[in-house]
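So the chains spell out like this:
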Amino acid sequence: MNNNYALLWEKFIDALIYKNGYKKVLEGLFNTAQIAVVGLLIGIVIGTFIAIIRVMPKYKVLPRILDKICGCYVELFRGTPMMVQLLIGYNVLLPILGISVDSGLPVAIIVFGLNSGAYVSEIMRSGINSVDHGQMEAGRAMGLTYATTMLKIVIPQAVKNILPTLGNEFIVLVKETSITGYVATIDLTRAFTKLGSDSMSYVIPYLMLGVAYLVIVLLISWGVRSLEKRLKKSER
Amino acid sequence: MEKKLVLSVKNLKKTFNNLEVLKGVDLDVYEGDVVAIVGPSGCGKSTFLRCLNCLEDPTGGSILFNGEDLADMKVDINVHRQKIGMVFQQFNLFNNLTVLQNITLAPITIAKKKRSKLKNKNFFIKIANLFKGKDNKKPLYDLGKSIAQIKQEAENKAMELLKTIGLEDKANSYPSQISGGQKQRVAIVRALAMEPDVMLFDEPTSALDPEMVGEVLNVMTTLAKEGMTMIVVTHEMGFAKEVANRVIFIDEGIIVEEAEPKEFFTNPKNPRLKDFLSKVLV
């Protein structure tokens, strides 16, 4: 038995190092990072925008219509699995739009961005609601516009409040990238699967894959925690 | 000598979902007036004050300020709010900004906006000028100060104002690092930085510890002596008696009695005011 694992390990090292498997792994790591980071950034922009629309006072018709549209968007992206969104994006929308791509990476980034936009909008909305209403009133009373007060006063405080939840969303995104292999993207999971098929055994590659995700996630949560501490310092 | 009319309120009404809070309030405020508004809790005095700068949109009546009716929804309220300073019960300093930034934010933002508007206009004039003869080119607007100058001037002014309340060493502190009384004094200075024509105070000392009330009232008294027009909703009868030149008693959404402080406190006419004063002046 012992011998067996030693053999498997040898095969894995062989595939990883001598057969240039590490190049695939690095590419996968880079793509995973790219999808998660760019996806989150798109998500934050979309989410903030939607959140502002949804908390806006609704005396007029236009904000009400926008609110309904945003509501539909959020329900649509939260109500279907990300996997399905990816498959529809890649296999349905691309052919309809007549676009051909050699890699699903751009599709994955856009889908991840749109999907996390829906979640971040809800996170951001709770963050905005957590900021005392007096902050908005004080800004408006001095003649600042709703938008200026929102962007310079309320949102910065809201972000501070929701930072842990936002970090959580980032972690979810990183882990979800493991499904992008289904749309012709070489992510971390796909890279390790390739190592497995190259070395004719999936035992070590998949164990290592798990370790890799765990390390990444631990690093992120450590980063978010220290960022949180630093932001708190400016207040006390 | 005729005094200049700053704010003229006519028949102001406000209802919240069928609850009539203000039932037609009339008030003329002249330059240099210090008007104290007193009344039992829930009588609508805070609502009245908040209607004056449209933090609550009035449901009826008119508020004339600088020749325009603020109750009219078509008026750009932001422009007028710049000239109406407001101080809140809960201070409402911006928690994410330092004391200095709290004071300079509005002046800088608004000056910058004006400048960039002129800049945009100039851009279109320049394009239009390309198609005009040499002699009838339209002149460009003068942009005035540069952004760096705007910032520098706002900061200098903020520091000067902070010096008047003795808090210049707190300029780079955050609101959470200073006491309640200091916060409220900064809030007053923040409103002053916009050079308002009138200042509204919404129970400025009610959220303060007793030993901090004095420092805030001192700042307000100085302000009144310098000739600032002030409308103050307050429970501090001492302040109303000493500093105000008119005291107003609001009850159940209408002004029940208005008089000079001496008359108001020594010779109240309305029975409800008599009752109120007997309770607060113990």
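As the structure is a prediction and not an experimental result, all values here were calculated from the model.

Once that is clear, we can look at the interface of chain A and chain B. Opposite the 20 residues of chain A that make contact, chain B presents 25 residues. Summing both partners gives a buried area of about 2100 Å² for chain A against chain B, and 53% of it is carried by carbon and sulfur. Along the contact surface separating chain A from chain B lie one salt bridge. In this structure, R50(B) and E137(A) form a salt bridge, with 2.6 Å as the shortest nitrogen-oxygen distance. Elements that contribute at least two residues to the side of chain A that touches chain B include exactly α6 (133-141) and α7 (146-176) of chain A.

A separate point is the nonpolar core. Core analysis: the biggest nonpolar cluster contains 50 residues, and I188(B), M199(B), F201(B), M220(B), M230(B) and F264(B) have the highest contact counts within it. At eight residues, helix α6 (residues 210-225) of chain B tops the list of elements feeding residues into this core. Excluding its chain neighbours within four sequence positions, the residues that come into contact with F264(B) are V38(B), V247(B), I248(B), F249(B), E257(B), A259(B), L273(B) and L277(B). Listed in part, the 41 residues of the second largest apolar core include A138(A), A141(A), I153(A) and V35(B).

Residues and elements named next belong to chain A. Taken together, the side chains of V84, I88, V92, L93, I96, L97 and I99 present a nonpolar region at the surface, about 630 Å² in accessible area. Structurally, L93 can be placed in helix α4 (residues 82-97). Note on L93: relative accessible area 44%, which makes it partly exposed.

Conventions and cut-offs
Residues numbered from 1 in each chain as written. Chains lettered and ligands numbered in written order. Predicted model: local features only at pLDDT ≥ 70, side-chain atom pairs only at ≥ 80, totals over all residues. Heavy atoms only, no water. Contact = heavy atoms within 4.5 Å. Buried area = accessible area lost by both parts, 1.4 Å probe. Salt bridge = Lys/Arg side-chain N within 4 Å of Asp/Glu carboxyl O. Helix = DSSP H or I, 4+ residues; strand = E, 2+ residues; numbered from the N terminus. Core = buried A, V, L, I, M, F, W, Y, C linked by side-chain atoms within 4.5 Å. Buried < 20%, exposed > 50% of the residue type's maximum accessible area, 1.4 Å probe, protein only. Patch = residues over 30% accessible without salt bridge, like charges linked within 9 Å, V, L, I, M, F, W, Y side chains within 5 Å. Areas by Shrake-Rupley, 256 points an atom, 1.4 Å probe, with all protein chains shown as cover.

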